[in-house]
Amino acid sequence: MSDRLFIFDTTLRDGEQVPGCQLNTIEKIEIAKALEMLGVDVIEAGFPVSSPGDFNSVVEISKAVTWPTICALTRAVENDIRVAAEALKYAKHKRIHTGIGTSDYHIRHKFNSTREEILERAMACVKYAKSFVEDVQFYAEDAGRTDNEYLARVVEAVIAAGATVVNIPDTTGYCLPWDFGEKIRYLMENVRNVDKATIAIHCHNDLGMATANTISAIRNGARQAEVTINGIGERAGNTSLEEVVMTCKCHKELDIESNINTQRIYSTSRLVSSLMNMPVQANKALVGRNAFAHSSGIHQDGVLKNRESYEIIDPKDVGIDENSILLTARSGRAALKHRLHILGIDIDKEALDKAYESFLLLADRKKEITDDDILIIAGKHKGANRRLKLDFLQVTSGVGVHSVASVGLDIAGEKFEACASGNGPVDAAITAVKQIIHRHMVVKEFLIQAMNKGSNDVGKVHITVEYDGAHYYGFSANTDIVAASCEAFIDAINKFVK
């Protein structure tokens, strides 16, 4: 019988640490439910002590999902652990994830401490967490750069203190696959009570080896993989759930099985991408739009003769239906609802009617409606209750003339208008908005992305605005890139104007 690999998803905790990708509680619940349907074993729902929002998200996610374990992160601090226990009170299956840095880099420079003191703190935090919940996971932060002999001492001690899972993170993404695999093997062979706990791994992708390190660790005895959807996460990201699961599925010699319903991978990927406003790179393994595309004549000929010539995975295995209904201006509500369902989004009749109106407007301007278009349409009404809304935008621009923009805003029901010139139509539109808001705001980052191709395509605009020393992120998408830019700027303003 194959060994069981437990999938610990940290999209809602480590994944959400990407700048500009923060979610509200309702969005987090939507993703948590999708993760439950996907079949993940553990959902790391947040870091409760870090903010009231994180605390509330852990509480509400605990209420919303049934069978996965809900995990809350803490430092090796008693107050962190108490707050996490409180946030988990409604969880059907609860886990506290606590720990401390174990590398000499952390011990000497971060904690100004000694190995013995850190060992004592590690045991103490596990014992304290154990007084609240039965399931306690310990993380040895920067284990990838921790001396193996000392790491084994820590692992043995925390298991003796009551840890049910011990997490061995490559926090900095430094390790090479063979070295990381050897580290796990060393622990399996030298920790006397290792059979009393599950060894987990949490790899970062700073050198592009998160998945390779994770698979190497699994080969050497790790049985919990900590992952995120689309590999999102701090800095260069985390290990990708889809890559680990499908690698284990493709390579039967690993003799590893997970509980993941792989046919829900694509829809979950698109949902996370849409809610976090974070595009999936076109060549991303398994879920990128080019993952199963073949442009080379030789490759196309081979695939037509036998799919396995160039494809090791049937696209349907990850939920990509090649025979999906194509949407055009003549498609009805039922076709749109069906496509949204395939993408993991179920909406009520009122929301469907609004989405369908937006769909028809876009379909009149575009020949082909993509999944990205549909996801943006479905999410367009999320901001319906925002304080600031764009009422109208008119721009005059051209070669040899000043760009001028007239903007109308609806602010909590009141109408305001302004007109401004600028260095191009986008600058003119943003300047006009500033005249209405009367606050000193600076655009720090401005990114435009075409979703597919063609001059009639929908463009995504990501914008970061600095106000009063803090940074706020805005996003919008529109076939009119000037309108998208103005809407993204307003989206950012809505984050700080109450």
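Before any of the text, the structure's been laid out above.
Computed from a predicted model, the values in this text were never measured in an experiment.

Basis of the calculations
- Residues numbered from 1 in each chain as written.
- Predicted model: local features only at pLDDT ≥ 70, side-chain atom pairs only at ≥ 80, totals over all residues.
- Heavy atoms only, no water.
- Helix = DSSP H or I, 4+ residues; strand = E, 2+ residues; numbered from the N terminus.
- Contact = heavy atoms within 4.5 Å.
- Phe/Tyr/Trp six-rings, centres within 6.5 Å; stacked < 30°, edge-to-face > 60°.
- Buried < 20%, exposed > 50% of the residue type's maximum accessible area, 1.4 Å probe, protein only.
- Lys NZ or Arg CZ within 6 Å of the ring centre and 35° of its normal.
- Pairing = 2+ DSSP bridges.
- Axes fitted to C-alpha atoms, helices over the stretch in contact; angles between N-to-C directions.
- Salt bridge = Lys/Arg side-chain N within 4 Å of Asp/Glu carboxyl O.

Caption draft 1: Highlighting the environment of Pro-48. Turning to its location among the elements, Pro-48 is positioned in the loop between β3 (42–46) and α2 (52–64). Among residues more than four places away in sequence, those in contact with Pro-48 are Asp-54, Phe-55, Val-58, Ala-72, Leu-73, Val-83, Ala-84 and Ala-87.

Caption draft 2: Expanded view of the packing of aromatic side chains. Enumeration over the complete set of coordinates arrives at 4 aromatic pairs. An angle of 80° between the planes, with centres 5.2 Å apart, marks the rings of Tyr-128 and Phe-132 as edge-to-face. On the basis of relative accessibility, which here comes to 37%, the residue Phe-132 falls in the partly exposed class. Measuring from centroid to centroid gives 4.4 Å for Tyr-467 and Phe-496, while their planes differ by 15°, and the two rings are stacked. Of this pair, Tyr-467 sits in strand β15 (residues 459–467) while Phe-496 sits in the segment after α16 (481–493); the two residues are 29 residues apart in sequence, bridging distant segments of the chain. For the pair Tyr-467 and Phe-496, a shared accessibility class is recorded, and that class is buried. A network of ring pairs unites the aromatic residues Tyr-467, Tyr-472 and Phe-496 as a single cluster. The ring of Phe-6 has Arg-4 sitting right over it, with the charged end atom 4.6 Å from the ring centre.

Caption draft 3: Highlighting the environment of Gly-474. Along the chain, Gly-474 falls in strand β16 (residues 470–478). Residue Gly-474 is classed as buried on the basis of its relative accessible area, which comes to 0%. Between the C-alpha atoms of Gly-474 and Ala-492, which are 18 residues apart in sequence, the distance is 4.0 Å. Ignoring anything within four residues of it in the chain, the contact list for Gly-474 reads Val-461, His-462, Ile-463, Ala-488, Asp-491 and Ala-492.

Caption draft 4: How the structure looks around the sheet that holds strand β4 (residues 69–73). Here 8 strands make up a closed barrel; going around it, the order is β2-β3-β4-β5-β6-β7-β8-β9 and the pairing parallel. Neighbouring strand axes in the sheet, compared pairwise and without regard to direction, differ in orientation by 25° on average. Of the strand pairs in this sheet, strand β5 (residues 94–101) and strand β6 (residues 135–141) are connected by 7 bridges, and their pairing is parallel. From the neighbouring strand, Thr-98 faces β6, where its bridge partner is Phe-138. Contacts between helix α6 (residues 148–161) and the sheet are confined to β6, β7 (165–170) and β8 (198–203), with β7 contributing the most and set at about 150° to the helix.

Caption draft 5: Fine view of the pattern of salt bridges. Considering all chains together, one arrives at 30 salt bridges under this definition. Among the ionic pairs, Lys-63 bridges to Glu-60, the shortest N-O distance being 3.5 Å. Separated by 3 residues within a single helix, Lys-63 and Glu-60 lie in helix α2, roughly one turn from each other. On the accessibility criterion, Lys-63 (42% relative accessible area) is partly exposed. In this structure, Glu-466 engages Lys-444 in a salt bridge whose closest nitrogen and oxygen atoms are separated by 3.6 Å. Linking Glu-466 in strand β15 with Lys-444 in strand β14 (residues 442–450), this pair joins segments that are 22 residues apart in sequence. A cluster of three or more residues bridged by salt bridges with shared partners is formed by Asp-104, Arg-108, Arg-115 and Asp-147.

Caption draft 6: Quick peek at the side chain of Thr-74. Structurally, the position occupied by Thr-74 is in the loop between β4 and α3 (78–87). Excluding anything up to four places from it in sequence, Thr-74 contacts Phe-47, Asp-80, Ile-81, Ala-84, Ile-96, His-97, Thr-98, Gly-99 and Tyr-139.

Caption draft 7: Representation of the sheet that holds strand β12 (residues 403–411). Read from one edge to the other, the open sheet built from 3 strands follows the order β11-β12-β13, with strand pairing classed as antiparallel. Of all the strands in the sheet, the pair left with one neighbour each is β11 (388–396) and β13 (414–422). Neighbouring strand axes in the sheet, compared pairwise and without regard to direction, differ in orientation by 15° on average. With 9 bridges connecting them, β12 and β13 associate as antiparallel partners. Each bridged residue has a counterpart across the sheet, and for Asp-410 the counterpart in β13 is Lys-415. Helix-sheet contacts for α16 involve β11 and β12, and the interaxial angle to β11 is about 150°.

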